[in-house]
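Listed here are the chains, written in short residue letters.
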Amino acid sequence: MKKVQREIFYVFSPFLRVFHWIMVASIIILFVTGLLITKPAGILATEPTATSMSVDLIRNIHFTVAYIFLAAFILKVYGFIINKGDRLFPHFWRGYFYAQTVDVALHYMFLRNEHASYLRNPLARSSYVLLYVLVAIEFFTGFAMYLMTEPDAFSTQLFAWVNVVLGGEMITHYVHHYVAWFIILFAIGHIYMVIRAEFMEGESEVSSMFAGTKILAHHPLDEDDVDPDELDNADRLKRWTNVGEGISKIRNVGGN
Amino acid sequence: MEKRETMWESYRRRGLSRRTFIKGCVALTSLMGLSSGMVSKVVEAAETKQLPVVIWIHGHECTGCDESFIRSAAPLASDLILNNVALEYDHLLSAGSGEPFEEHLEKTIQAYNGKYILAVEGAVATKGSGIYCMSGGHPFLETLQRAAKGAAAIIAYGTCAVSGGIQSAAPNPTGSAGIGHFIGAKDVVNVPGCPPIPEVMTGVVMHVALFGKLPPLDSQGRPKQFYGNRIHDTCYRRPFFDAGLFADSYDDAGSKAGWCLYKLGCRGPETYNSCGNIRWFQGMSYPVQSGAPCIGCANANFWNQGPFSDRLPKYGPLGDIDKIGAGLAVATTAGVAAHGVLSVYQRSRRDAEAAESDEVKGGEDK
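Residue positions within a chain follow its written sequence, with the count starting from 1. Chain labels run from A onward and ligand labels from 1 onward, assigned in the order the entries are written. In keeping with the predicted nature of the model, local features appear solely for residues at pLDDT of at least 70, side-chain atom pairs appear and are counted solely at 80 or more, and the whole-chain, interface and lining totals rest on all residues. As a convention, hydrogens and water are excluded, and side-chain values are obtained from all of the structure's heavy atoms.

K.L.:
Mind laying out the overall build of chain B, listing which residues take part and the relevant values?
P.N.:
Scanning chain B from N- to C-terminus turns up 14 helices and nine strands. On the principal axes, the C-alpha backbone points of chain B span a range of 125 × 50 × 40 Å. Think of it in three bands: residues with accessible area under 20% of the maximum for their type are buried, residues over 50% are exposed, and the middle band is partly exposed, with areas taken using a 1.4 Å probe on protein chains only. By the burial criterion, 50% of the 366 residues in chain B qualify as buried. Note on contacts: a residue pair is in contact if any heavy atoms of the two residues lie within 4.5 Å. Considering only intrachain contacts with a sequence separation of at least 6, the fraction spanning at least 24 residues in chain B is 73%. With an accessible surface of roughly 16700 Å², chain B has 57% of that area assigned to carbon and sulfur atoms. Taken together, the 35 basic and 36 acidic charged side chains of chain B have centroids lying 8 Å from each other. Labels follow the DSSP assignment, with helices taken as runs of H or I lasting at least four residues and strands as runs of E lasting at least two, numbered in each case from the N terminus. For the accessible areas, the method is Shrake-Rupley and the probe is 1.4 Å, while residue cover comes only from the protein chains on display. Charged-residue counts in this description rest on Lys and Arg as positive and Asp and Glu as negative, His and the chain ends being excluded. Where a charge lies is defined by one atom per residue type, namely NZ (Lys), CZ (Arg), CG (Asp) and CD (Glu).

K.L.:
Can you explain the packing of aromatic side chains? Please cite residues and give values.
P.N.:
In this scheme Phe, Tyr and Trp rings, the latter by its six-membered ring, pair at centre separations within 6.5 Å, and the angle between planes marks the pair as stacked below 30 degrees, edge-to-face above 60, and tilted otherwise. By the definition in use, this model includes 33 aromatic pairs over all chains. Ring centres of tyrosine 67 of chain A and tyrosine 146 of chain A lie 6.0 Å apart, and the angle between their planes is 75°; on these two criteria the pair is classed as edge-to-face. Here tyrosine 67 of chain A is found in helix H2 (residues 55–82), whereas its partner tyrosine 146 of chain A is found in helix H4 (residues 122–146), with 79 residues between them in sequence. Since its relative accessible area comes to 39%, tyrosine 67 of chain A is described here as partly exposed. Each ring, one from phenylalanine 139 of chain A and one from phenylalanine 143 of chain A, has its centre 5.3 Å from the other, and the planes form 65°; the classification is edge-to-face. Here phenylalanine 139 of chain A pairs with phenylalanine 143 of chain A, and both are found in helix H4, just four residues apart, close to one helical turn. Under the relative-accessibility criterion, phenylalanine 139 of chain A is labelled partly exposed at 26%. An aromatic cluster of three or more residues is present, and its members are Phe63, Tyr67, Phe139, Phe140, Phe143, Tyr146, Phe159 and Trp161 of chain A. For the cation-ring pair, arginine 14 of chain B lies above tyrosine 11 of chain B, with the distance from its terminal atom to the ring centre recorded as 5.2 Å. Stacked on the ring of tryptophan 8 of chain B, the Lys or Arg arginine 18 of chain B has its end atom at 4.8 Å from the ring centre. We call a charge positioned over a ring when the NZ of a Lys or the CZ of an Arg lies within 6 Å of the ring centre and within 35 degrees of the ring normal.

K.L.:
A description of the interface of chain B and chain A should follow, citing residues and the corresponding values.
P.N.:
At the interface, 46 residues of chain B touch 43 residues of chain A. Taking both sides of the interface into account, the surface hidden between chain B and chain A amounts to around 4100 Å²; carbon and sulfur atoms contribute 60%. What counts as a salt bridge is simple: a side-chain nitrogen of Lys or Arg found within 4 Å of a carboxyl oxygen of Asp or Glu. In this assembly, chain B and chain A are joined by two salt bridges. For arginine 230 of chain B, the salt bridge identified is with glutamate 169 of chain A, shortest N-O distance 2.7 Å. Whenever a nitrogen or oxygen atom comes within 3.5 Å of another N or O atom, the pair is scored as a polar contact, on the condition that within protein one atom can donate a hydrogen and the other can accept it, and that pairs from neighbouring residues in sequence are kept only if both atoms are in side chains. Summed over the shared surface of chain B and chain A, the result is 20 residue pairs in polar contact (both at pLDDT 80 or more). Among the elements of the structure, helix H12 (238–243) and helix H14 (321–365) of chain B are those that each provide at least two residues to the side of chain B that touches chain A. Put simply, buried area is how much 1.4 Å-probe accessible surface two parts lose in total, over both of them, once they are put together.

K.L.:
Give me the lowdown on the environment of aspartate 233 of chain B, citing residues and values where you can.
P.N.:
Structurally, the position occupied by aspartate 233 of chain B is in helix H11 (residues 231–234). With a relative accessible area of 26%, aspartate 233 of chain B lands in the partly exposed category. Spatially, the C-alpha atom of aspartate 233 of chain B lies 10.0 Å from that of asparagine 277 of chain B, the residues being 44 residues apart in sequence. Apart from the residues within four sequence positions on either side, aspartate 233 of chain B is in contact with Thr149 of chain A together with Arg238 of chain B. Within polar-contact distance, the side chain of aspartate 233 of chain B engages the side chain of arginine 238 of chain B at 2.9 Å.

K.L.:
Could you give an account of the domain arrangement of chain B, with specific residues and numbers?
P.N.:
All names here are of chain B. Segment limits for the domains were obtained from an automatic or database-derived domain assignment. When cut into domains, chain B gives domain 1 (52–227), domain 2 (236–311) and domain 3 (321–365). Taken over C-alpha atoms, the centre of domain 1 sits 28 Å from the centre of domain 2. Taken together, the contact pairs 24 residues of domain 1 with 16 residues of domain 2. Carbon and sulfur atoms supply 66% of the area buried between domain 1 and domain 2, which totals about 1500 Å² over both sides. Considering only the surface of domain 1 that becomes buried against domain 2, Ile197, Phe226 and Tyr227 emerge as the three largest contributors, covering 30% of it. Inspection of the domain 1/domain 2 interface yields three residue pairs in polar contact (both at pLDDT 80 or more). Put simply, the parts of the chain that give the side of domain 1 that touches domain 2 at least two residues each are helix H8 (158–163), helix H9 (198–211) and helix H10 (224–227). Throughout, the ten residues Ala, Val, Leu, Ile, Met, Phe, Trp, Tyr, Cys and Pro are labelled nonpolar, Asp, Glu, Lys and Arg are labelled charged, and all others, Gly among them, are labelled polar. Of the residues that constitute the side of domain 1 that touches domain 2, the class distribution is 13 nonpolar, eight polar and three charged.

K.L.:
Lay out the pairing of strand E1 (residues 53–58) of chain B with the relevant residues and their values.
P.N.:
Each regular strand carries side chains that alternate between the two faces of the sheet. Residue and element names in this part refer to chain B. Most of E1 is tucked away, with six of its six residues classed as buried. Neither face of E1 is open: one carries Val53, Ile55 and Ile57, the other Val54, Trp56 and His58, and all of them are buried. Criterion used throughout: strands pair if DSSP finds at least two bridges between them. Examined bridge by bridge, E1 and strand E2 (residues 86–90) share four bridges and lie parallel to one another. Bridging across to E2, valine 54 finds its partner in leucine 87. Note: E1 against strand E3 (residues 116–121), five bridges, orientation parallel. Among the inter-strand pairings, tryptophan 56 is bridged to a residue of E3, identified as alanine 119.

K.L.:
A description of the layout of surface pockets should follow, citing residues and the corresponding values.
P.N.:
All names here are of chain A. Here a cavity denotes grid points, spaced 1 Å and computed from the protein atoms alone, that fit a 1.4 Å probe unable to get out, and a pocket denotes an open set having protein on both sides within 12 Å along at least 5 of 7 lines; residues with an atom within 4 Å of a point are the lining. Grid points are joined across faces, edges and corners, and a volume is the space filled by probe spheres set on the points. Of the voids in this model, the second largest pocket is the one considered here, and its volume is about 1100 Å³. As for the second largest pocket, its lining consists of 42 residues, of which His62, Glu138, Gly142, Met145 and His176 are closest to the centre. Across the lining of the second largest pocket, the residue classes tally to 27 nonpolar, nine polar and six charged.

Right, here's the structure in full:
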């Protein structure tokens, strides 16, 4: 077997990883309960005392999970503050960002054999910004509807403008519903892309969201985006990670 | 102009007892949506404040709001316009007509400049210089602006006056719009509804008349005491919603049992009004109670949000969004699967090429 030298990069803090999986669970639960609130399932029992489907319960699950999701965001913020690798923004303000995006896009369109190696490629970076925009829309429209049971409350005043901007609460309902579907479409694309990157390009996209580290055969262009101090951490990891056949974990691939 | 009476003076002139007067004040307090602790303030105002002059004008509308208004039972609409306010001008209720009547409007505007309450029903037709709605030889827009200039307070009655009404539904050939943009920086109370609830109409005008100021308003200029709750949150059918018991059609068992009308397109969850609290015609009924889903008639733009019998996911310009969403999800899944297959093919070709070039290199080395 051909010997490939790989190096370890510590990218995601535990806070980001935990947040990510809470987000996954939240989105699934919110989506399913949301559909059921919009269009409650038919009930089989006709006796009111024997209802199998409580819309009240489903709504409460939806609201509770929404709050948990929102609360979990604090983890993301904390990770963002303490760890450079949690801040893999799209560098819109850099000229090379666009050239790199084109490079990656051409590869995904099969017009190039491969694209340069990244810790997170520029196209992915942009797509995560899009996801957060969609989630923010859900957040604002959701609370605008939820809190309006008490139009006078202070918390309501923070969100009531959404209904005005969108032109009525009816519109808020359907923006919330349409955007939920866009998030699902994003999720399908996201799951495919990370699996593809993991198993076809060896970019450890999936495993890094569990382990926090990426083990790459190629030197990533955006290496500077992670904190070099964390490399000690990676060294420690090296000791207990079993080194597979043909994979030696070497920090410096220089000279290769 | 002669000195105007207070409400108390008008009661005495008609030989009504103090007891009757106090009872009237208590009734007024409750219909204005105020707490019982406010009775003394209402009595005080009724004793000392002269009956306010009211000018009531009608624009682009169906006068359905008046039909609602004259059915107010507590107090009787007749009581209100004859005893509680000095109604000087009203297209529909005044006995006078013709030129003397129009002249009286001008006189009233001048005599009570800055003191009268202006009640407006109907939208403003803006296209064609306002020729689509004229009365007394003037476009309504002109009359409105003239009357609004000297008004102490303006009450916009009905969804037409508030936000344009049914005649402003797409494509809106008359360019109808609510009065808000045409009255300058005047205080205005929005009382939407198609029509508003009778007691809400009388309650708002009495509040302005007695206290000389507008009732507390929400962000959309509606009186909080009447528009502070969703119909959905005050609906007596809400327990059926919570339990998941729905009428699926207008004539099924659920409908007969009085279950929730959510699936029939009820707009209760987006509509703010007092239908669920005070209901209509002395608490007799309201649309949901009679088995008809709420159409959200107090909402701006409700006329463009049809069909009224649909909610999400079926409702909306694109059709059933859940079907579209599921279709897109399937298409996306198929798309990424195809992309995956092509990627595998691309990689195998890439590897083959690499191996080939390695071989060539290897050959050169030898």
